[in-house]
Amino acid sequence: MKLKDFPEEELFLQGSAACQGCPGSAAIRVAFKALGRNTVLSVIASCTSVFQSPFPVSALELPTLNMAFATGGATASGLSAAADRLVARGVLEEKPTILVWAGDGGTYDIGIQALSGAAERNADFIYVCYNNEAYSNTGTQRSGATPYAAWTTNTTKGKEEWRKDVAQIMVAHGIPYVATASLAYPTDMFRKFARAKEIKGTRYIEIQAPCPPGWKFPSSHTIKVARLAVQSGMWMLYEHEDGKTTYTAGTQRIIQGQSKLVPVEEYLRAQGRFGHLFSPERDEKRIGEIQRRIDHVFETLQFTHKMKEHIMDIEMAPPR
Amino acid sequence: MPKRKKKEAEEIGFVTTLSVPSEGSAGLTGSWRVFIPVLDGERCNKCLLCWIYCPEACINKDIRINYDYCKGCGICAEECPRGAISMVKEEKKQ
Ligand SMILES: Cc1ncc(C[n+]2csc(CCOP(=O)(O)OP(=O)(O)O)c2C)c(N)n1
Ligand code: SF4
Ligand code: SF4
Ligand code: SF4
Ligand SMILES: [Mg+2]
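The sections below set out a description of the structure shown in this document. Quick caveat: nothing in here was measured; it's all calculated off a predicted structure.

### Some thoughts on the interface of chain A and chain B
For step 1, the next point in the chain: Listed per partner, the contact involves 43 residues of chain A and 39 residues of chain B.
For step 2, the next point in the chain: Roughly 3200 Å² is buried in total at the junction of chain A and chain B, and carbon and sulfur atoms are behind 56% of that figure.
For step 3, the next point in the chain: There are 1 salt bridge connecting chain A and chain B.
For step 4, the next point in the chain: Here A:Arg227 makes a salt bridge to B:Glu79, at a shortest N to O gap of 2.6 Å.
For step 5, the next point in the chain: Counting the contacts that link chain A with chain B gives 24 residue pairs in polar contact (both at pLDDT 80 or more).
For step 6, the next point in the chain: For the side of chain A that touches chain B, the secondary-structure elements that each account for two or more residues are helix H1 (23-35), strand E2 (57-58) and helix H9 (222-231) of chain A.
For step 7, the next point in the chain: If you tally residues by element for the side of chain A that touches chain B, the top one is H1(A), at 5 residues.
For step 8, the next point in the chain: Strand direction decides the pairing type here: E2(A) and strand E1 (residues 20-21) of chain B, joined by 2 bridges, are parallel. Bridged to A:Val57 within E1(B) is B:Val20.

What follows is the structure in structure tokens.
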């Protein structure tokens, strides 16, 4: 869908308590436009809990429950079962979309057990992780989603471990739909939410959410950093359905050779949380390690793409 | 307190923990601004990028900015492909 066809109605109300340039509210706007009014939310402890509702007012137009950290998968399973009953009894005409909105801390670390259980039962809801790669609300502590070498308040010289990949863990659950999204590609994100809405069962969407105070970049650069993440291969855009992964938008263009990978250095340099890789002196070793991992992934994907095209050429060739 | 909450208090004698949706849940967030986005309507081709990128929903589809709530983050100016928005230092309101 083109931007001009996006619904005008705002289900996120301006004048919220989110920081200037917040990726959380930016993501909510696009998601809500795609999902529409007939949606019920379970918001898991995170920045969103805070900017969503300073009592007695709320910045969200949708019915919202503020839930405890570990409970995303469980509360949504319950909401979904309750909605099914209300439909069966004729109280509701149409089942609302049940939506969990959780941070990376609430997904990668604390909520993964409930999420995994619900996914295995194929409970009927959409789970969104907006991934700002740290516990931002409590002042930027490391999470399982924090990337290698990134500064947080408890990885002051840069994180020593590599991040895990919950979107791929959800693919391994065999659920009907998994997608990743980026703030810089709103039409791609909108389409993925609209697609997820049509499907029944557990659906997982993860949005990378560059956070100005946590990642230490100016508030005007939220979208720019999100775009660089995709262009450099640090964040990959895809959707997974029926056992098949399809790469989309910027990531697809790199794999198909229409655009080149931007050196990861450009992405790292745009953020203060990687500042120690460049001053007082350049950390060739760690920058190289990050670049090599990206190169390996894309070399494989580009090779597979070329092979497929080659096979198609052979199949399409007229018989001799 | 929003009208709906006042009514609730009158009707049932106490206030429930339910919040009600309202613009300006954190007050007039326009007061957070240091730089203010200024639109040059001549240059704008209504591509709607600033509309969808504004994290605060302060720009409407006619590309009018609501200065009551615009926090001055600068994303609209940074992302406008036509350079139609500039961030200008705002004189402090008294
Ligand atoms: C059981 C429990 N422990 C700690 C907290 C405090 N807490 C609230 S939000 C938050 C950070 C959440 O991080 P994340 O899920 O990544 O969301 P973000 O704040 O980054 O948006 C923490 C630690 C809590 N609410 N409940
Ligand atoms: S800390 Fe980051 S995610 Fe949290 S409200 Fe601020 S900008 Fe948004
Ligand atoms: S981004 Fe620029 S050109 Fe596009 S609608 Fe906004 S002001 Fe106009
Ligand atoms: S400065 Fe930020 S808050 Fe204000 S209109 Fe532009 S994008 Fe929206
Ligand atoms: Mg987080």
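### Some remarks on a nonpolar patch on the surface
For step 1, the next point in the chain: A grouping of A:Phe55, B:Met1 and B:Val15 is seen on the molecular surface, where their side chains present a nonpolar patch of about 310 Å² in accessible area.
For step 2, the next point in the chain: By the element assignment, B:Val15 lies in the loop between helix H1 (3-12) and E1.

### A word on the site of ligand 1
Residue and element names in this part refer to chain A.
For step 1, the next point in the chain: Surveying the vicinity of ligand 1 reveals 15 residues, the closest of which are Gly105, Gly106, Tyr130, Ser136 and Asn137.
For step 2, the next point in the chain: Within the side chain of Tyr130, a nitrogen or oxygen atom sits 2.5 Å from an oxygen atom of ligand 1.
For step 3, the next point in the chain: One of the backbone nitrogen or oxygen atoms of Ser136 is found 2.9 Å away from an oxygen atom of ligand 1.
For step 4, the next point in the chain: Looking at the shell around ligand 1 residue by residue, the class counts come to 6 nonpolar, 8 polar and 1 charged.

### Some details on unusual backbone geometry
Residues and elements named next belong to chain A.
For step 1, the next point in the chain: Cis geometry is adopted by the peptide bond preceding Pro56, which originates at Phe55 and carries an omega value of 5°.
For step 2, the next point in the chain: Looking at the element boundaries, Pro56 is found in the loop between helix H2 (47-52) and E2.
For step 3, the next point in the chain: Residue Pro280 is bonded to the preceding Ser279 through a cis peptide linkage, with omega at 5°.
For step 4, the next point in the chain: Within the fold, Pro280 resides in the loop between helix H11 (264-269) and helix H12 (284-316).
For step 5, the next point in the chain: In this structure, Lys216 takes a positive phi of about 65° despite not being glycine.
For step 6, the next point in the chain: One can find Lys216 in the loop between helix H8 (212-215) and H9.

### Notes on the side chain of A:Thr75
Residue and element names in this part refer to chain A.
For step 1, the next point in the chain: The residue Thr75 is located in helix H3 (residues 72-88) in this model.
For step 2, the next point in the chain: In terms of polar contacts, Thr75 uses its side chain to reach the backbone carbonyl oxygen of Gly72, at 3.2 Å.
For step 3, the next point in the chain: With residues up to four places along the chain from it excluded, the contact list for Thr75 reads Ser42 and Met67.

### A closer look at the coordination of the magnesium ion (ligand 5)
Residue and element names in this part refer to chain A.
For step 1, the next point in the chain: Only Asp104 (OD), Asn132 (OD1) and Ala134 (O) from the protein coordinate the magnesium ion (ligand 5), and they sit 1.9 to 2.1 Å from it.
For step 2, the next point in the chain: The sequence pattern describing where the donors of the magnesium ion (ligand 5) fall on their chain is D-x27-N-x1-A. With Asp104 in the loop between strand E4 (97-103) and helix H4 (105-109) and Asn132 in the loop between strand E5 (125-131) and helix H6 (166-172), the pair connects residues that are 28 residues apart, well separated along the chain. For the pair Asp104 and Asn132, one class covers both residues: buried.

### Some points on the pattern of salt bridges
Residues and elements named next belong to chain A.
For step 1, the next point in the chain: According to the stated counting rule, one finds 28 salt bridges over all chains in the structure shown.
For step 2, the next point in the chain: Here Arg195 ties to Glu241 by a salt bridge, and the two come within 2.5 Å at their closest N and O atoms. Here Arg195 is found in helix H7 (residues 186-198), whereas its partner Glu241 is found in strand E8 (residues 238-241), with 46 residues between them in sequence.
For step 3, the next point in the chain: Take Arg195: its relative accessible area is 28%, and that puts it in the partly exposed class.
For step 4, the next point in the chain: Residues joined in a network through salt bridges with shared partners are Asp84, Lys95, Asp124, Lys200 and Arg203.

Quick notes on the rules
Residues numbered from 1 in each chain as written. Chains lettered and ligands numbered in written order. Predicted model: local features only at pLDDT ≥ 70, side-chain atom pairs only at ≥ 80, totals over all residues. Heavy atoms only, no water. Contact = heavy atoms within 4.5 Å. Buried area = accessible area lost by both parts, 1.4 Å probe. Salt bridge = Lys/Arg side-chain N within 4 Å of Asp/Glu carboxyl O. Polar contact = N/O pair within 3.5 Å; in protein donor to acceptor, adjacent residues only side chain to side chain. Helix = DSSP H or I, 4+ residues; strand = E, 2+ residues; numbered from the N terminus. Pairing = 2+ DSSP bridges. Patch = residues over 30% accessible without salt bridge, like charges linked within 9 Å, V, L, I, M, F, W, Y side chains within 5 Å. Areas by Shrake-Rupley, 256 points an atom, 1.4 Å probe, with all protein chains shown as cover. Near = heavy atom within 4 Å. Nonpolar A, V, L, I, M, F, W, Y, C, P; charged D, E, K, R; others polar. Donors = N, O, S within 2.8 Å, 3.2 Å for Na, K, Ca; no water. Buried < 20%, exposed > 50% of the residue type's maximum accessible area, 1.4 Å probe, protein only.

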